[in-house]
Amino acid sequence: MGEFQILVHTTLHPDRLWIWRQSVYVDENQRTWLPITIEIEDGIQVLMRQEDIPRGEAMRPSQLPPSLLPLMWQLYPGRRYRGSDSSFWRIVYHIEISGIEDMLLEQLPEQ
């Protein structure tokens with residue numbers, strides 16, 4: 001029988017994620033991230049998957065449809081991001097499996 005090997009490791013979090021166009025964010029290294037929004041009983045989670053895709057033209061915020069997600073996230077101490085709308089998001093996990101990078105963020109309740 002052949003061996004099946006999955007390579008899993010944690011990775012550095014992006015310092016910032018900016019909206020580029022609908023459903024596409026870009027980090028400071030020009031990598032593209034695709035969000036999947038998950039509404040849960042207590043709030044919102046978003047799975048950010050780093051996937052290299054053609055970015056296309058950037059959109060102005062006024063051109064974007066309404067969204068539950070902020071236009072930008074900035075990394076803060078304590079494994080969390082602060083959104084451009086002043087929301088805070090906890091990093092639940094950030095892993096890379098066989099070259100695919102996933103980061104799950106969970107919106108923290110307003111204090």
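Scroll up to find the structure this text is about.
Residues numbered from 1 in each chain as written. Predicted model: local features only at pLDDT ≥ 70, side-chain atom pairs only at ≥ 80, totals over all residues. Heavy atoms only, no water.

(A) The nonpolar core, seen in detail. Membership of the largest hydrophobic core comes to 15 residues, with the highest contact counts inside it found for Tyr 25, Met 48, Trp 73, Trp 89, Met 103 and Leu 105. Those elements that place two or more of their residues in this core are strand S2 (16–21), strand S5 (43–50), strand S8 (88–97) and strand S9 (100–107). Residue contributions to this core peak at three residues, all from S5. (Core = buried A, V, L, I, M, F, W, Y, C linked by side-chain atoms within 4.5 Å. Buried < 20%, exposed > 50% of the residue type's maximum accessible area, 1.4 Å probe, protein only. Helix = DSSP H or I, 4+ residues; strand = E, 2+ residues; numbered from the N terminus.)

(B) View of the pattern of salt bridges. Throughout the structure, instances matching the rule amount to four salt bridges. Salt-bridge contacts for Arg 90 lead to Glu 106; the nearest nitrogen and oxygen are separated by 2.8 Å. Placement of the pair is Arg 90 in strand S8 and Glu 106 in strand S9, with a sequence separation of 16 residues. A relative accessible area of 35% places Arg 90 in the partly exposed class. Each of Asp 27, Arg 31 and Glu 101 takes part in a single network of salt bridges with overlapping partners. (Salt bridge = Lys/Arg side-chain N within 4 Å of Asp/Glu carboxyl O.)

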